[in-house]
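# Summary of structural features
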Amino acid sequence: MTLPDSELPRTEDEWRVRLSPAEFRVLREHGTEPAWTGEYVDTKTPGMYRCRACGAELYPSDTKFDSHCGWPSFDDAIPGAIKEIEDNSLGMSRTEIRCARCDSHLGHVFRGEGFTPKDTRHCVNSLSIRLDPNDV
Ligand SMILES: [Zn+2]
């Protein structure tokens, strides 16, 4: 499921043909899907959430929690899978999160909200991830 390095797109035009228009807008143009519309908002299925662009493992399903914010939320990630970037767009000071492997936009990370003992909320677009369910 993971895209080999040799097949990773190198230009936005290569990404555009590989992704759907909605996926491209979120992953490569830093878009945000409307709250409560994503396919994984309420998903409880065990498995591994991978980057929808390159297939890298990002979030084990046991880090997912109910934040009631309208987007899938995780309080931890696979070590090294995520990179954080300061984002001062829209007049807000936020921390953007991207896939460390392919630099695709995932969402934003918030800390100090007290949702879980890890006190971290990765607020991720469903369009940025794909659940790889555990074999049952
Ligand atoms: Zn990726």
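As a reminder, the structure under discussion sits directly above these lines.
Residues numbered from 1 in each chain as written. Predicted model: local features only at pLDDT ≥ 70, side-chain atom pairs only at ≥ 80, totals over all residues. Heavy atoms only, no water.

### Considering the overall build of the protein
Within the protein, the regular secondary structure consists of two helices and nine strands. Put simply, the protein runs from its N terminus to its C terminus through helices and strands in the order α-α-β-β-β-β-β-β-β-β-β. Computed over its C-alpha atoms, the radius of gyration of the protein comes to 14 Å, within 12% of the 14 Å expected for a compact globule of 136 residues. For the protein, the C-alpha atoms occupy an extent of roughly 45 × 40 × 30 Å along the three principal directions. In the protein, buried positions account for 49% of the 136 residues. Expressed as a percentage of contacts within the protein between residues at least 6 apart in sequence, the contacts between residues at least 24 apart total 53%. As presented, the protein carries roughly 7,300 Å² of accessible surface, and 50% of it is formed by carbon and sulfur atoms. Seen as two clouds, the 17 positive and the 24 negative side-chain charges of the protein have centres 2 Å apart. (Helix = DSSP H or I, 4+ residues; strand = E, 2+ residues; numbered from the N terminus. Rg over C-alpha atoms; globule rule 2.2 N^0.38 Å. Buried < 20%, exposed > 50% of the residue type's maximum accessible area, 1.4 Å probe, protein only. Contact = heavy atoms within 4.5 Å. Areas by Shrake-Rupley, 256 points an atom, 1.4 Å probe, with all protein chains shown as cover. Lys, Arg positive; Asp, Glu negative; His and termini not counted. Charge placed at Lys NZ, Arg CZ, Asp CG, Glu CD.)

### So, the nonpolar core
Core analysis: the largest hydrophobic core is formed by 26 residues, its most contacted members being Cys 51, Leu 58, Tyr 59, Ile 82 and Cys 102. Of all the secondary structure elements, the ones that give two or more residues to this core are α2 (21–27), β1 (47–51), β2 (57–60), β6 (94–99), β7 (105–111) and β9 (129–133). Residue contacts for Tyr 59: discarding those within four places in its chain leaves Gly 47, Met 48, Tyr 49, Phe 74, Asp 76, Ala 77, Ile 78, Ile 82, Ile 97, Leu 106, His 122 and Val 124. (Core = buried A, V, L, I, M, F, W, Y, C linked by side-chain atoms within 4.5 Å.)

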